[in-house]
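A look at the structure
Okay, here's what each chain looks like letter by letter:
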Amino acid sequence: MNPDFIKYQAQTSPYPLGMEVSHAIGSYIYDTNNKKYLDFVAGVSACTLGHQNKRVNDAIKNQLDKYSHVMVYGEYSQSPAVEFCKLLAEHMPEPLKKTYLVNSGTEAIEGALKLARRTTGRSQLISCHNAYHGNTMGSMSVMGFEERKQIFRPLIPDVDFITFNNEADLEKITTKTAGIILETIQGGAGFIQPENNFLQKVRQRCTEVGAMMIVDEIQPGFGRTGKLFGFQNYDVVPDIVVMGKGMGGGMPVGAFTAAPERMDLLSHDPKLGHITTFGGHPVIAAASLATLQEITETNLMPEALEKEKLFRSLLVHPLIKDIRGKGLMLAAMTESAEITNKVIFKCQDKGLILFWLLFEACAIRITPPLNISESEIREGCAIILEAMDEVLSE
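Remember, predicted model here, so these are calculated numbers, not experimental data. (Residues numbered from 1 in each chain as written. Predicted model: local features only at pLDDT ≥ 70, side-chain atom pairs only at ≥ 80, totals over all residues. Heavy atoms only, no water.)

Looking down a regular strand, the side chains alternate between one sheet face and the other. Side chains Y28 and Y30 of strand β2 (residues 28-31) all project onto a buried face; the interleaved residues I29 and D31 project onto the opposite face, where all are buried too. Note that strand β1 (residues 21-25) and β2 share four bridges and pair antiparallel. Bridge pairing links I25 to Y28 in β2. Count of turn residues in the β1/β2 antiparallel hairpin: two residues, of which G26 carries a positive phi of about 65 degrees. Bridge count for β2 against strand β3 (residues 36-39) is three bridges, and the pairing is antiparallel. Looking at β3, one finds that Y28 is bridged to L38. Connecting β2 to the next strand, β3, in antiparallel fashion are four residues, including N34 with a positive phi near 65 degrees. (Buried < 20%, exposed > 50% of the residue type's maximum accessible area, 1.4 Å probe, protein only. Helix = DSSP H or I, 4+ residues; strand = E, 2+ residues; numbered from the N terminus. Pairing = 2+ DSSP bridges.)

To continue, consider the nonpolar core. Ranked by size, the top nonpolar core spans 50 residues in total, and within it F84, L182, F222, F229 and M243 carry the most contacts. In terms of nonpolar packing, the next biggest core, distinct from the first, is built from 40 residues, L49, A286, L310 and L370 among them. (Core = buried A, V, L, I, M, F, W, Y, C linked by side-chain atoms within 4.5 Å.)

By secondary structure assignment, the location of R224 is in the loop between β8 (212-216) and β9 (240-243). For the buried R224, which has no salt bridge, the nearest side chain bearing the opposite charge is D39, at an N-O separation of 9.0 Å. A polar contact is formed between the side chain of R224 and the backbone oxygen of L328, at a distance of 2.7 Å. Polar contacts involving the side chain of R224 include one to the main-chain carbonyl oxygen of T367, which spans 3.5 Å. (Lys, Arg positive; Asp, Glu negative; His and termini not counted. Salt bridge = Lys/Arg side-chain N within 4 Å of Asp/Glu carboxyl O. Polar contact = N/O pair within 3.5 Å; in protein donor to acceptor, adjacent residues only side chain to side chain.)

Remark on secondary structure: sheet strands pair via backbone hydrogen bonds, oriented parallel or antiparallel. Sheet architecture is open: seven strands sit in the order β4-β10-β9-β8-β7-β5-β6, paired in mixed fashion. Strands at the two margins of the open sheet, each flanked by one partner only, are β4 (98-102) and β6 (159-162). Along the sheet, successive strands turn relative to each other by an average axial angle of 20 degrees, direction set aside. Contacting β4, β9 and β10 (254-258), helix α4 (residues 79-90) runs over the sheet at an angle of about 135 degrees to β4. (Axes fitted to C-alpha atoms, helices over the stretch in contact; angles between N-to-C directions. Contact = heavy atoms within 4.5 Å.)

Inspection of every chain in the model, using the stated rule, returns ten aromatic pairs. Here the aromatic rings of F145 and F359 are separated by 4.1 Å at their centres, their planes lie at 10 degrees, and the arrangement is stacked. Placement of F145 in the loop between α6 (137-141) and α7 (146-149) and of F359 in the loop between β13 (352-353) and β14 (363-366) is noted, with a sequence separation of 214 residues between them. Per residue, the accessibility class of F145 equals that of F359, and both read buried. Both rings, one in F222 and one in F229, keep their centres 5.2 Å apart while their planes meet at 70 degrees; by these two values the pair is edge-to-face. This pair shows no difference in class: F222 is buried, exactly as F229 is. (Phe/Tyr/Trp six-rings, centres within 6.5 Å; stacked < 30°, edge-to-face > 60°.)

This paragraph deals with helix α12 (residues 337-349). Here α12 contains 13 residues, and its C-alpha end-to-end distance of 18 Å stays within 8% of the 18 Å for a straight helix at 1.5 Å per residue. All of the buried residues along α12 are I339, T340, V343, I344, K346, C347 and Q348. Buried residues along α12 sit in contact with β3, β13, β14 and α13 (374-393). In the stretch just after α12, G351 is the one whose phi turns positive, near 95 degrees. (Expected span 1.5 Å × (residues − 1).)

In this section: helix α8 (residues 198-209). Its twelve residues give α8 an end-to-end C-alpha distance of 17 Å, which sits within 8% of 16 Å, the value for a rise of 1.5 Å per residue. Among the residues making up α8, those that are buried are F198, L199, V202, R203, R205, C206 and V209. Around the axis of α8, the buried residues are gathered within 165 degrees of arc, so they sit on the same side. The inward-facing, buried residues of α8 abut β6, β7 (177-183) and β8. Trailing α8 by a residue or two, G210 shows a phi angle of about 80 degrees, which is positive. (Arc of directions from axis to C-beta.)

Inspection of the secondary structure puts L155 in the loop between α7 and β6. Along the primary structure L155 and N62 are separated by 93 residues, whereas in three dimensions their C-alpha atoms are 43 Å apart. The contacts of L155, once residues within four sequence positions are left out, are M137, M140, S141 and K149.

Next up on the list: the domain arrangement of the protein. The domain architecture assigned to the protein consists of domain 1 (3-52 + 299-393) and domain 2 (55-297). Of note, the centres of domain 1 and domain 2, computed from C-alpha atoms alone, are 26 Å apart. Roughly 2,700 Å² is buried in total at the junction of domain 1 and domain 2, and carbon and sulfur atoms are behind 64% of that figure. Ranking the residues of domain 1 by area buried against domain 2 places M301, M329 and F359 at the top, with a combined share of 31%. Applying the counting criterion to the domain 1 and domain 2 interface returns zero salt bridges. Counting across the domain 1 and domain 2 interface gives 13 residue pairs in polar contact (both at pLDDT 80 or more). Tallying contributions element by element places helix α11 (residues 300-314) first for the side of domain 1 that touches domain 2, with five residues. Here the residues of the side of domain 1 that touches domain 2 are counted per class, giving 20 nonpolar, six polar and four charged. (Domains from an automatic or database assignment. Buried area = accessible area lost by both parts, 1.4 Å probe. Nonpolar A, V, L, I, M, F, W, Y, C, P; charged D, E, K, R; others polar.)

Rendered as structure tokens:
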């Protein structure tokens, strides 16, 4: 591990993996010793089209030759941002037709929470236990994992929590509630899918009491679950959709989308209700547009469901107790954190990148690029099974 990495760059954990990256192409990352690693993580669901995708790279280079940042968000009409928002609207149900572009998923969460309060004139926010929506102060306030946020309190007030898939808890959504925010598929909790029409029941309750339904699509979004957005699998239309990660094809970006009359509320009383310097950055927007075009013009979304079937057929092993998730948002569950850790580290040694989930210590994250090939899936699954055989024999 490069000692300067530890000495000069702030760390997020005591034991970073520390791989020294040389280059990356397609579904592979290469270290400075030119060892290649098959990537089953895709930058934690961010590299939707793998590494160095030609369409995305060409869009970035072409935009760089025209102009980069010229003005704070929302003042100038810049073609890449306009065209992205227009194309996104074409693939969104009514009335979700207006998008605010920001720099990250967590900033998009902040904007969505503000919009819910601005729209309703109410203060209460509701989230789910074991939810993860980002790490800024507002996003952390709706994080449903006290261990991660206790030391940073006080956070924003008037936040309550329900249990995902618990219908009885929906009574907590009242006429005092500005909005409920929930992941379409709970990510950090272990890729938990909604059951028994739970999202539809949340929608119904929000409509009854006038609360905003906010769905966090930062992980499921942009084709990973077989639809452009996860909520489209469950026959429900939320009030606000939050996105990030896979939206930019590996570039830093986020956004939230709502009905135009609601989104326009951020422009007055007070004006600049949400503001960002680099949101809608033309180079990032060009990458996002190219990514969205590639997803919507190809068969990547239906193929994600076929690739899920392949993963499930191959990953059969005594150490795998369950495979959770949908499409290419999968988590192989073992019976202990110790087993999960051993498998992930052994696979890295063998040239396969896997990763953890935030709160579910038994889960092995499998979120490869959408355009990963069948042969690469077979190659990676063989490594997983080989590593698990070794763990089992120890």
